[in-house]
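Secondary and tertiary structure notes
Single-letter residue listing:
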Amino acid sequence: MKKIFFLLILLVNAFFATAQTNSIGKPPKNTWKILIKNSNTKEVNYKLVGQTIIDNDLSIEKRDEEYLIMTTSPKLTENESSIFYLKIIAKDNLITITGMAKSRINTNLVGIDEEYSKIINKGMSGSILKDQFNSMLNFAKLFTNSEFEFISE
């Protein structure tokens, strides 16, 4: 009986370590994907994503109408420490957001064109990594009246 209880606890912990539904204001550390749950069809979500991008000072770099994917053009983060872009996938009842970013500080000092890396919720408040994640999170916050789930590494 103790073994079954122990295994059940491990299974529940494993589930919550990879996918967590939280308030949009406090995503868990190591979050790299934001899921926005709603009651829209994939077509409505795709149009909503496009309109939200356009209405919020971003632009669409790529669109895949077959798989309902949009990628934004690169943009400066709020603190202007990085350049980021977002990849948004529309599905029935779900919008998925991931992002890529690169620091401007390294490229300006060394003169090397750094490669983009996955945006992950790491670092302390005010850090370059936190600034990158906050740019992705702020975009997700534009989808009001939705439930949010965070996928962590």
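Values in this document were obtained by computation on a predicted structure and should not be read as measured data. (Residues numbered from 1 in each chain as written. Predicted model: local features only at pLDDT ≥ 70, side-chain atom pairs only at ≥ 80, totals over all residues. Heavy atoms only, no water.)

With that out of the way, let us pick up the overall build of the protein chain. Per the secondary structure count, the protein chain includes four helices and nine strands. Every one of the 153 residues in the protein chain was classed for burial, and the buried ones make up 38%. Of the contacts made within the protein chain by residues no fewer than 6 positions apart, 57% connect residues no fewer than 24 positions apart. As displayed, the protein chain has an accessible area near 9,400 Å², and 57% of this comes from carbon and sulfur atoms. (Helix = DSSP H or I, 4+ residues; strand = E, 2+ residues; numbered from the N terminus. Buried < 20%, exposed > 50% of the residue type's maximum accessible area, 1.4 Å probe, protein only. Contact = heavy atoms within 4.5 Å. Areas by Shrake-Rupley, 256 points an atom, 1.4 Å probe, with all protein chains shown as cover.)

Before going further, it helps to examine the nonpolar core. Core analysis: the biggest nonpolar cluster contains 24 residues, and Ile34, Ile36, Ile88, Ile97 and Phe139 have the highest contact counts within it. Looking at which element gives the most residues to this core, the answer is helix H4 (residues 128-140), with five residues. Once residues lying within four places of it in the same chain are set aside, the contact partners of Ile34 are Ile95, Thr96, Ile97, Phe133, Met136, Leu137, Ala140, Phe148, Glu149 and Phe150. (Core = buried A, V, L, I, M, F, W, Y, C linked by side-chain atoms within 4.5 Å.)

In this section: the layout of surface pockets. For the largest pocket, the calculated volume is near 200 Å³. In this structure, the largest pocket is lined by Asn56, Leu58, Lys75, Leu76, Thr77, Glu78, Phe84, Ser135, Asn138, Phe139 and Leu142. Elements that contribute at least two residues to the lining of the largest pocket include exactly strand S5 (75-76) and H4. At three residues, the largest contribution of residues to the lining of the largest pocket is made by H4. (1 Å grid on protein atoms, 1.4 Å probe; cavity = no way out; pocket = protein on both sides within 12 Å on 5 of 7 lines; lining within 4 Å. Points joined across faces, edges and corners; volume = space filled by probe spheres on them.)

This next bit is on the packing of aromatic side chains. Two aromatic rings, taken as a pair, are described by how far apart their centres are and by the angle between their planes. Here the structure, examined in full by the defined rule, presents two aromatic pairs. Their ring planes at 75 degrees and their centres at 5.0 Å tell us that Tyr85 and Tyr116 sit as a pair that is edge-to-face. Taken together, the residues span a long stretch of sequence, with Tyr85 in strand S6 (residues 82-91) and Tyr116 in the loop between helix H3 (104-110) and strand S8 (117-118) at a distance of 31 residues. For Tyr85, a relative accessible area of 22% corresponds to the partly exposed category. Accessibility expressed as a relative area gives 27% for Tyr116, which makes it partly exposed. Ring geometry for Phe139 and Phe143: centres 5.5 Å apart, planes at 75 degrees, overall edge-to-face. By the burial criterion, Phe139 is buried, and Phe143 matches it. The residue whose ring lies beneath Lys118 is Trp32, and the NZ or CZ to ring-centre distance is 4.3 Å. (Phe/Tyr/Trp six-rings, centres within 6.5 Å; stacked < 30°, edge-to-face > 60°. Lys NZ or Arg CZ within 6 Å of the ring centre and 35° of its normal.)

Moving on: helix H2 (residues 42-55). End to end, H2 covers 20 Å across 14 residues, agreeing with the expected 20 Å (1.5 Å per residue, within 8%). Of the positions making up H2, those classed as buried are Asn45, Tyr46, Val49, Gly50, Thr52 and Ile53. Considered in projection along H2, the buried side chains sweep an arc of 165 degrees and stay on one side of the axis. Across from the buried face of H2, at angles greater than 90 degrees, the exposed residues are Lys47, Ile54 and Asp55. (Expected span 1.5 Å × (residues − 1). Arc of directions from axis to C-beta.)

With that out of the way, let us pick up the side chain of Ser82. Along the polypeptide, Ser82 turns up in strand S6. For Ser82, a relative accessible area of 0% translates into the label buried. Reaching out from Ser82, the side chain makes a polar contact with the side chain of Gln132 at a distance of 2.9 Å. (Polar contact = N/O pair within 3.5 Å; in protein donor to acceptor, adjacent residues only side chain to side chain.)

Phi at Asn30 is positive, roughly 70 degrees, even though this residue is not glycine. Of note, Asn30 is situated in the loop between strand S1 (19-21) and strand S2 (31-37). At Asn93, a residue that is not glycine, the phi angle is positive and equals roughly 65 degrees. Looking at where Asn93 falls in the secondary structure, it is placed in the loop between S6 and strand S7 (94-103). Accessibility expressed as a relative area gives 41% for Asn93, which makes it partly exposed.

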